[in-house]
Amino acid sequence: MTNRMPRVPLAHLPTPLQPLERLSRALGGPRLWLKRDDLTGLALGGNKTRKLEYLLGDALQRGADTVITAGAAQSNHARQTAAAAARCGLRCVLALSPMAPETTTGNLLLDRLLGAQVRWTGGRDRAEVMQEIAAEERAAGREPYVIPYGGSNAIGATAYFEAMHELVRQSRQAQVEFHTVALASSSGGTQSGLLAGAAALHDTVRILGISVDEPAGVLAPRVLRLARLVIEHLAVRVDVPEEGAMVVDDYVGGGYGVMGEPEREAIELLARYEGVLLDPVYTGKAMAGLIALIRAKTWRREDAVLFWHTGGAPALFAYQDALLRG
Ligand SMILES: Cc1ncc(COP(=O)(O)O)c(C=O)c1O
């Protein structure tokens, strides 16, 4: 099923579905697979590229000439938005928090190369700063389009409703039935889209969000609400059950953007067993959580478990010292 929402083609799809044979063996099972959304293309890729196909589709339909979004200094979402705007010939203004770091590296370096304007929030509320920028843009005679934090509204999350359909097609082809899809979850758009997609397909796969910052009590209701909004937005007649919004928050470690030993181990394992790069903020943390769950025998050896790689590797370069310390 494909929807009729306006969409700009930005991503190379479908992204590969890849077995992690060496890592699965090293961990003693289950059978691990990776969905390579780090390879969506567009300025080093990541999960936001899919969302931006719909968000910029909407922006262009509304006649916008400038996109505004927000994130942390090493935001992958900001970098991909800058790239998507460049590709569509739109201006891009980024509200980044909190202050300019000493070194312009990783995603922040790429934001500059991609021609985005950067405004530092100084720790102020990001949504408020974005509205201020939008007002300035309007006063200058431009037509701004504000993309919420993480691109996580019903429009952005629709991309992951579609991505779930893509995965189901691929897993049929590969003749594998996934018990669980695990992923890094933060603003919740990716998880909610997948959850809505699974509900629409009546697929019983568990979609497990591994929180990188917030408590499950905050993130799970947000995922559920957003999944139901996606269903409403697409006018699909299906219910998303409350118990479908599964979130674990045991692996937040030192908090958002803090890389500790579990994250470093996960990054090294994927690099050394599979030649795959994770990132310190999202996928490294989530994979550390997945590995801990595997060691706790959450799955049987013969179960197939998919980790949805959501990208983020450009941030590795901003964590050079922490990575080398191990
Ligand atoms: C690499 C990476 N993984 C996962 C996420 C989380 O996705 P979501 O905000 O849709 O929960 C992000 C969000 O910025 C990200 O950059």
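All of these numbers come straight from a predicted model, not from anything done at the bench.

Caption draft 1: Fine view of the sheet that holds strand β9 (residues 246-248). Spatial ordering of the open sheet is given by β1-β2-β10-β7-β8-β9, a layout of 6 strands whose pairing is mixed. Bordering the open sheet on either side are β1 (17-19) and β9, each of which pairs with just one other strand. If you compare each strand with its neighbour and ignore which way they point, the axes differ by 30° on average. Bridge analysis of β1 against strand β2 (residues 31-36) gives 3 bridges, and the strand direction is antiparallel. Opposite P19, over in β2, you have W33 as the bridge partner. Sitting on the sheet, helix α7 (residues 189-200) is in contact with β7 (180-185), β8 (206-211), β9 and β10 (304-309), with an inclination near 170° to β8.

Caption draft 2: Up close: the packing of aromatic side chains. In total, this model carries 3 aromatic pairs according to the counting rule given. Summarising the aromatic geometry, the rings of W33 and F178 are spaced 6.0 Å apart at their centres and angled 80° between planes, so their arrangement reads as edge-to-face. Of this pair, W33 sits in strand β2 while F178 sits in the loop between α6 (154-174) and β7, and the two are 145 residues apart along the sequence. Judged by its relative accessible area of 9%, F178 is buried. Note on Y160 and W308: the rings are 5.9 Å apart at their centroids and 70° apart in plane angle, and the pair reads as edge-to-face. Linking Y160 in helix α6 with W308 in strand β10, this pair joins segments that are 148 residues apart in sequence. Exposure class is identical for Y160 and W308. Each is buried.

Caption draft 3: A look at helix α8 (residues 216-233). Helix length check: α8, at 18 residues, gives a terminal C-alpha distance of 25 Å against a target of 26 Å (1.5 Å per residue), a fit within 8%. If you check which residues of α8 are buried, you get A216, L219, A220, V223, L224, L226, A227, V230 and I231. Buried-residue contacts for α8 involve α6, β7, α7, β8 and β9. Two residues or fewer after α8 comes A235, characterised by a positive phi angle close to 55°.

Caption draft 4: Molecular detail of the domain arrangement of the chain. Here the chain is partitioned into domain 1 (17-46 + 152-325) and domain 2 (47-151). Relative placement of domain 1 and domain 2: their C-alpha centres are 24 Å apart. Taken together, the 32 residues of domain 1 in the interface contact 26 residues of domain 2. The contact between domain 1 and domain 2 buries some 2200 Å² in all, and 58% of this surface belongs to carbon and sulfur atoms. Summed over the three residues of domain 1 that lose the most area to domain 2, namely L42, S152 and I155, the buried surface amounts to 25% of that side. Taken together, domain 1 and domain 2 are joined by 2 salt bridges. A salt bridge links D37 to R50; its shortest N-O distance comes to 2.7 Å. Put simply, domain 1 and domain 2 have 15 residue pairs in polar contact (both at pLDDT 80 or more) between them. Elements that contribute at least two residues to the side of domain 1 that touches domain 2 include exactly α6 and α7. Broken down by element, the residue count for the side of domain 1 that touches domain 2 peaks at 9 residues, all from α6. Across the side of domain 1 that touches domain 2, the residue classes break down as 15 nonpolar, 13 polar and 4 charged.

What counts and how
- Residues numbered from 1 in each chain as written.
- Predicted model: local features only at pLDDT ≥ 70, side-chain atom pairs only at ≥ 80, totals over all residues.
- Heavy atoms only, no water.
- Pairing = 2+ DSSP bridges.
- Helix = DSSP H or I, 4+ residues; strand = E, 2+ residues; numbered from the N terminus.
- Axes fitted to C-alpha atoms, helices over the stretch in contact; angles between N-to-C directions.
- Contact = heavy atoms within 4.5 Å.
- Phe/Tyr/Trp six-rings, centres within 6.5 Å; stacked < 30°, edge-to-face > 60°.
- Buried < 20%, exposed > 50% of the residue type's maximum accessible area, 1.4 Å probe, protein only.
- Expected span 1.5 Å × (residues − 1).
- Domains from an automatic or database assignment.
- Buried area = accessible area lost by both parts, 1.4 Å probe.
- Salt bridge = Lys/Arg side-chain N within 4 Å of Asp/Glu carboxyl O.
- Polar contact = N/O pair within 3.5 Å; in protein donor to acceptor, adjacent residues only side chain to side chain.
- Nonpolar A, V, L, I, M, F, W, Y, C, P; charged D, E, K, R; others polar.

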